[in-house]
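Structural description and commentary
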Amino acid sequence: MNSASDLLAALGRYTRFCLSATRAVPFLNVREMLHQAYVMGVGSLVVLLAVGAFSGAMLTVQGFASLRAFGTSELLGMFIALGGVREVFPLIGAGCVGAKVGSAVASEVATLKIGQQIDALEVMAVDPMRFLVAPRLVACIVVTPLLVGACLLAGLVSSYLIATLQLGVDQGVFVSRLLENISLRDLVSALVKALGFGMLTGTLACWHGYAADAGAASVGQASNRTVVQAMVTGGVLNLFVSNVFYGGLL
Amino acid sequence: MTLDAPLVELVGVTKRFGDQRVLDDVSMALPAGLTTVVVGPSGTGKSTLIKLLVGLLKPDAGRVLVGGEDVGAMDRAALMKMRRRFGMLFQDGALFHGMSVGENVAFPLHHHLKLSRDEEKSRVETALAQVGLPGLADRRPDQLSGGQRKRVGLARALVMQPQIVLFDEPTSGLDPVTSAAIDDLIVTTRKQLGLTFIVITHDVQSCAAIADRVGMLFEGKLQLFGPAQDVLRSDHPVVRQFFDRASNGPIRVV
Amino acid sequence: MLDGLAGLGAAVRGMVASLGALVRFVAGVLRHGGLPPAGELVHQCMTLVRRCILPVTLVVVPMGALISLQGAALIQQFGVERLLAPLVAITVVRELAPGFAALMVAMQAGTALAAEIAVMRVREELDAYEVMAVDPLRHVVAPRLFAGVLIAPLLAVMAMGLAIMGSWLVAVGIRGFSSRAFLEGCLAAISTWDLAACLIKSAVFGAVLSSVACFEGYTAHRSAEGVGRASNRSVVSAILSILVANYVLNSLLYVGVVVPG
């Protein structure tokens, strides 16, 4: 994309694609959607748990080191609540789902496109939007919050273990500081972020996959563009949602 | 070395993929200075054969001899040295998409010889002219047609003046006229340069047009091997069915 | 339930096997390839920079803004405004810059790199290199591998500046902190050790993700699906590896040694 007009044209195409997909949603193939949701969820669960666990671990270690410098290491629980639950876990979790599910769906749809299987569906009078795109889109939107939730839980458990076992922080103090700083607002914000990411990932993946034109190279391209664009727009989305829930920007 | 002495030889070569024997105790002596064509139904190990010759694969049993040396026993350095005797035309040309046609053809020159820019350019132009594509040095591979890509691939294979040139299905995906042009190119080039050509194909007409020797592979075994006229006219049921393009016979369509 | 556990066991064994294969691959590249040719290395470095500069910027600036946003709310609650700048600086240099720059590089370059090499595999270009007696490990893989190690720290430094700028915009432009106090506070809080750690971290991340991408591309299956799979696996493996490495490095660099019990 070289110019502003290219960007606007692409945005137009993207919007039109999203509208067609949305129109197909009420008629979507439910079995296909459930199958996709299962594949996405089960396929990504282990990875998201691992991502959550290691994000929690790295955050806890870093938080401990930084707080120790200020002499306030008993605030670690609060640090995890404010840093982890509010920002790091939802963002890394949603970003990871975006990367994994996004690249998988994009390359899958692209492979179908270049193999002329989407044309074949049309010729057999089966609407690819209803059969292919809408099920994947809805599955993505439904599954992302669940996976982000799993990531969050894994992160908290891992934080607790690292703090108490590796860093020797007092269990009671950690847990009480953690819990007193998590509010419903934080969980709703995480949910909204996850849903937003899910929508972005699903639409971008299907759109780029659909746009694949020739050969194996376009499969890689579809996957690449989806992942990068999802992360970038997701990052901006993250900022706005945080602003809405916590204020401070506008 | 007499004209008919084998330059490339397979001795009792077996190659398995999983539990499928793609090549089963195959022995073949491919003579120098002639075009040998190996034919057979799809998936019978023709590509495997070519890869064994250049050491991209190692045989499970038997030996692959090039100029008397065992390819399978070579270490990486010796293998790289041995490959300098070969040029290979891959199925879709295998041109490097990040480079222009000229850069593609110059590639082996660039890496193995220390030529001046002008010398390199002139050798590239000669190679391209030889395959009937003069002046296309600045084009990019994705701007070329299938037939042109193959010809550029051939130019690249010839530019280092190898002794042996391998062809992996040179006419696949081409229309009859372009196929005939490639066949003509193969015949003329070999006569002009006096090289050894080894071709694998399932294009029956192409085989008839270019071959001096023909070998037929089926179910991993070499069914027949000999001078082209003999093989093409043979009564061997597998050979007959293949060359007559008949759907009935020992070759089953699964 | 038992199926799930068996599946998990298989998955773990699979991961360990892949890790082994990855290590052998990198060792092979370094042994056979040695140092890549300078021209190709420079070209790959430039390509990597070109690909990543925009995504990194677009991700890191909002992150910086976010730190100020969350940090400012927290600090105003405790009434210690002067801690905002150091908080920003430390978070950016220690985690955000190396981590998120690397993550973006992983996503952008990782997928593109894996796909690029996988496509070369499909088109038989890698075989063509071998047959022409030019080692593809040296000429195709090594330049890309080394480019990752060299460019990731560069991008991390760039990310540092951009993130601080994002923070500055919120803290100074919107929350009314004093610009001079903010910037001075940031600079004062960054020690040389922090900077060194940032560079070490990002170099390690760069090495990991370019190794993973090259490995997946090089061993990809020869088909369009193979290209897609190489791309996907490289993104996921890269993200996970970076998080694991981040945890280990944090323990080593900031806390001392991983302390059991």
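Everything numeric in this text was worked out from a predicted model, so none of it was measured. Every chain's residues receive numbers from 1 upward, in the order its sequence appears when written. Here chains are named by letter from A upward and ligands by number from 1 upward, in the order in which they appear as written. With pLDDT at 70 or above as the cut-off, local features in this predicted model cover only qualifying residues; side-chain atom pairs require 80 or more to be listed or tallied, and sums for whole chains, interfaces and linings still use all residues. Computation of side-chain values covers all heavy atoms of the structure but excludes hydrogens and water.

**Structural notes on the overall build of chain B**
Numbering of helices and strands runs from the N terminus; a helix is a DSSP stretch of H or I covering at least four residues, while a strand is a stretch of E covering at least two. Tallying secondary structure elements over chain B gives 9 helices and 10 strands in all. For the radius of gyration, the atom set is restricted to C-alpha positions; the globular benchmark scales as 2.2 Å times the number of residues to the power 0.38. A compact globule built from 254 residues would reach a C-alpha radius of gyration of about 18 Å, and chain B, at 18 Å, matches this within 12%. With the principal axes as the frame, chain B shows a C-alpha extent of 55 × 45 × 40 Å. Out of the 254 residues belonging to chain B, those deemed buried represent 52%. Accessible surface area values rest on a Shrake-Rupley calculation with a 1.4 Å probe, where residue burial reflects the displayed protein chains alone. Carbon and sulfur atoms make up 49% of the accessible area of chain B, which totals about 11,700 Å². Under the convention used here, Asp and Glu are negative, Lys and Arg are positive, and both His and the chain ends fall outside the count. Each charge is placed at NZ for Lys, CZ for Arg, CG for Asp and CD for Glu. Here chain B contributes 30 positive and 28 negative side-chain charges, whose respective centroids are spaced 3 Å apart. Note on exposure labels: buried denotes an accessible area under 20% of the residue type's maximum, exposed denotes more than 50%, and partly exposed covers the range between, all computed with a 1.4 Å probe on protein chains only.

**Brief notes about the interface of chain A and chain C**
Here, residues are in contact when the closest pair of their heavy atoms is within 4.5 Å. With 54 residues of chain A in contact, the opposing surface of chain C contributes 53 residues. Carbon and sulfur atoms make up 75% of the area that chain A and chain C hide from each other, which totals about 4,300 Å². The term salt bridge refers to a side-chain nitrogen of Lys or Arg lying within 4 Å of a carboxyl oxygen of Asp or Glu. Linking chain A with chain C are 0 salt bridges. In protein, a polar contact means a hydrogen-donor-capable atom and an acceptor-capable atom, both N or O and within 3.5 Å, with residues adjacent in sequence counting only if both atoms are side-chain atoms; elsewhere, any N or O pair within 3.5 Å suffices. For the pair chain A and chain C, the interface holds 6 residue pairs in polar contact (both at pLDDT 80 or more). For the side of chain A that touches chain C, the secondary-structure elements that each account for two or more residues are helix H2 (30-70), helix H3 (76-114), helix H5 (128-166) and helix H8 (215-246) of chain A. Counting residues per element, the side of chain A that touches chain C draws most heavily on H8(A), at 17 residues. As a working rule, the residues Ala, Val, Leu, Ile, Met, Phe, Trp, Tyr, Cys and Pro are called nonpolar, Asp, Glu, Lys and Arg charged, and the rest polar, with Gly in that last group. In the side of chain A that touches chain C, the residues fall into 33 nonpolar, 17 polar and 4 charged. When two components associate, each loses some accessible surface as probed by a 1.4 Å sphere; the sum of these losses over both components is called the buried area.

**Re the arrangement of the chains**
No other pair of the 2 pairs of chains in contact has as many contacts as chains A and C. Separated throughout, chain A and chain B approach each other most closely at a C-alpha pair spaced 11 Å apart.

**What about the pairing of strand S8 (residues 196-201) of chain B?**
Residue and element names in this part refer to chain B. Along S8, 6 of the 6 residues are buried, which leaves the element largely enclosed by surrounding structure. Pairing between strands is defined by DSSP: at least two bridges between them are needed. Two strands pair when backbone bridges link them, and strand S3 (residues 35-39) and S8 are joined in this way by 5 bridges, in the parallel orientation. Residue Val-38 lies in a different strand from S8, and its bridge partner there is Ile-200. Pairing of strand S7 (residues 164-168) with S8 involves 5 bridges; the strand directions are parallel.

**Regarding the sheet that holds strand S1 (residues 6-17) of chain B**
Residues and elements named next belong to chain B. Spatial ordering of the open sheet is given by S2-S1-S4-S5, a layout of 4 strands whose pairing is antiparallel. Every other strand in the sheet has two partners, leaving strand S2 (20-31) and strand S5 (69-70) as the edge strands with one partner each. Bridge analysis of S1 against strand S4 (residues 61-66) gives 5 bridges, and the strand direction is antiparallel. Each residue of the ladder has a partner; that of Thr-14, found in S4, is Ala-61.

**A word on the interface of chain B and chain C**
At the interface, 20 residues of chain B touch 16 residues of chain C. Where chain B meets chain C, there are 1 salt bridge. A salt bridge links Glu130(C) to Arg83(B); the nearest nitrogen and oxygen atoms lie 3.0 Å apart. One can count 2 residue pairs in polar contact (both at pLDDT 80 or more) joining chain B with chain C. Every element with two or more residues in the side of chain B that touches chain C is listed here: helix H2 (76-83) and helix H3 (101-112) of chain B. Residue contributions to the side of chain B that touches chain C peak at 4 residues, all from H3(B). For the side of chain B that touches chain C, a count of residues per class yields 11 nonpolar, 4 polar and 5 charged.

**Quick look at the pattern of salt bridges**
Summed over all chains, the structure comprises 20 salt bridges over all chains. Arg240(B) is the partner of Asp244(B) in a salt bridge, and the nearest nitrogen-oxygen pair spans 3.2 Å. With Asp244(B) and Arg240(B) both in helix H9 (residues 237-244), this residue pair falls 4 residues apart, about one helical turn. Each of Glu32(A), Glu108(A) and Arg136(A) takes part in one network of salt bridges that share partners.

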